[in-house]
Amino acid sequence: DAKTTQPPSMDCAEGRAANLPCNHSTISGNEYVYWYRQIHSQGPQYIIHGLKNNETNEMASLIITEDRKSSTLILPHATLRDTAVYYCIVRVGGWGSGNTGKLIFGQGTTLQVKP
Amino acid sequence: EAQVTQNPRYLITVTGKKLTVTCSQNMNHEYMSWYRQDPGLGLRQIYYSMNVEVTDKGDVPEGYKVSRKEKRNFPLILESPSPNQTSLYFCASSFGGRSPLHFGNGTRLTVT
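What counts and what doesn't
Residues numbered from 1 in each chain as written. Chains lettered and ligands numbered in written order. Predicted model: local features only at pLDDT ≥ 70, side-chain atom pairs only at ≥ 80, totals over all residues. Heavy atoms only, no water. Helix = DSSP H or I, 4+ residues; strand = E, 2+ residues; numbered from the N terminus. Rg over C-alpha atoms; globule rule 2.2 N^0.38 Å. Contact = heavy atoms within 4.5 Å. Areas by Shrake-Rupley, 256 points an atom, 1.4 Å probe, with all protein chains shown as cover. Lys, Arg positive; Asp, Glu negative; His and termini not counted. Charge placed at Lys NZ, Arg CZ, Asp CG, Glu CD. Pairing = 2+ DSSP bridges. Polar contact = N/O pair within 3.5 Å; in protein donor to acceptor, adjacent residues only side chain to side chain. Core = buried A, V, L, I, M, F, W, Y, C linked by side-chain atoms within 4.5 Å. Buried < 20%, exposed > 50% of the residue type's maximum accessible area, 1.4 Å probe, protein only. Disulfide = S-S within 2.5 Å.

J.: Describe the overall build of chain B, and please don't skip the residues or the numbers.
T.: Helix and strand counts for chain B come out as zero helices and eleven strands. Sequence-ordered secondary structure for chain B, helices as α and strands as β, is β-β-β-β-β-β-β-β-β-β-β. Against the 2.2 N^0.38 benchmark of 13 Å for 112 residues, chain B shows a C-alpha radius of gyration of 13 Å, consistent with a compact globule. The contacts of chain B with a sequence gap of at least 6 include a subset with a gap of at least 24, amounting to 53%. With an accessible surface of roughly 5200 Å², chain B has 50% of that area assigned to carbon and sulfur atoms. Measuring between centres, the 13 positive side-chain charges of chain B sit 4 Å from its 9 negative side-chain charges.

J.: Please provide a residue-by-residue account of the sheet that holds strand β2 (residues 18-23) of chain A, values included.
T.: Backbone hydrogen bonds are what pair the strands of a sheet, in a parallel or an antiparallel way. All names here are of chain A. With antiparallel pairing, four strands are arranged side by side in an open sheet as β2-β7-β6-β5. Whereas interior strands pair on both sides, the edge strands pair on one side only; in this sheet they are β2 and β5 (55-56). Here β5 pairs with strand β6 (residues 61-64) via two bridges, running antiparallel. Looking at β6, one finds that Thr56 is bridged to Ser61.

J.: Run through the side chain of Gln6(A), naming residues and quoting values.
T.: All names here are of chain A. If you trace the backbone, Gln6 turns up in the segment before β1 (9-13). A distance of 2.9 Å separates the side chain of Gln6 from the backbone oxygen of Tyr86, its partner in a polar contact. Engagement of the side chain of Gln6 in a polar contact is seen with the backbone nitrogen of Cys88, the distance being 2.9 Å.

J.: With reference to specific residues and values, describe the nonpolar core.
T.: Formed by 21 residues in total, the largest nonpolar core has its most connected members in Trp35(A), Leu73(A), Tyr86(A) and Leu111(A). Of all the elements, strand β8 (residues 84-92) of chain A adds the most residues to this core, at four residues. Here Leu73(A) is in contact with Ala18(A), Asn19(A), Leu20(A), Trp35(A), Ile47(A), Ile48(A), Ala60(A), Ser61(A) and Tyr86(A), once residues within four sequence places are set aside. The next biggest cluster of nonpolar side chains, apart from the first, holds 19 residues, and it includes Val4(B), Val21(B), Tyr64(B) and Cys91(B).

J.: Can you break down unusual backbone geometry residue by residue, with the values?
T.: In this model, Asn7(B) is joined to Pro8(B) through a cis peptide bond whose omega is -5°. In this structure, Pro8(B) sits in the loop between β1 (4-7) and β2 (10-13). In this structure, His40(A) takes a positive phi of about 50° despite not being glycine. Relative to the elements of secondary structure, His40(A) occurs in the loop between β3 (31-38) and β4 (45-50).

J.: Give me the state of the cysteines: which residues, what numbers.
T.: Residue and element names in this part refer to chain A. Considering all chains together, one arrives at two disulfides over all chains under this definition. Through a disulfide, Cys22 is tied to Cys88; the S-S separation comes to 2.1 Å. Between Cys22 and Cys88, the S-S dihedral sits near -80°, and the bridge is therefore left-handed. In this pair, Cys22 is assigned in strand β2 and Cys88 in strand β8, connecting sequence segments 66 residues apart.

J.: Lay out the sheet that holds strand β3 (residues 19-25) of chain B in plain terms, naming residues and giving numbers.
T.: Taken in spatial order, the four strands of this open sheet run β1-β3-β8-β7 (chain B), and their pairing is antiparallel. Two strands bound the open sheet, and with one partner strand each, they are β1 and β7 (65-66) of chain B.

J.: Please set out the pairing of strand β11 (residues 107-111) of chain B residue by residue, giving values where relevant.
T.: On a regular strand, one side chain projects to one face of the sheet and the next to the other, so that they alternate. All names here are of chain B. Of the two faces of β11, only one is covered, namely that formed by Thr107, Leu109 and Val111; the face formed by Arg108 and Thr110 stays uncovered. In this sheet, β11 lies alongside β2 in parallel orientation, the contact comprising four bridges. Residue pairing in the sheet places Thr13 in a bridge with Val111 of β11. Both strand β9 (residues 87-94) and β11 contribute to a ladder of three bridges, which runs antiparallel.

Next up, the structure:
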């Protein structure tokens, strides 16, 4: 599975959009981009995922570049409760050859939402 | 309620005393995995299992064992714990590579 690169920390004003970037320049054609977040020391929580099209759900939007080498997670109206560590990972979809089951989370981006 | 349950939540033990951290999921997930989290190092994968009787090493498997005798359970075994295994441990599961991971609430282990 490909490795991802994220900035270690970011700040965002409450009520503003938070845009969290992720670089995955070695992503393969069958790898999905997933975003999770971890609040304090709780178990990470799934946010959103996508393959090549942009995706939106009730929590966030995911924008994936056309070459799929990077993506951006957008929290449209950040609140103080969105302060967390955000992880971007890539993962092979399905159980065909090439899916080893190994996942690399990295250190993520610590997002601090400020009043 | 769909969930991944880890036990215990907190554990303090001494060097060399074998212990098992249990992980159980009620979602009929094929894939299960263990992670450890240490300050400044993020989440690191210890072992994973893609189905019953199929397990493989992650990035930091030394000092750990796992087994997957049935689909719902994936225990993490420390045969001879050492202080460098003091950490926060998470278990996770999913249907397959295309579905999101569900994480447990974590087990904080201290080895003295």
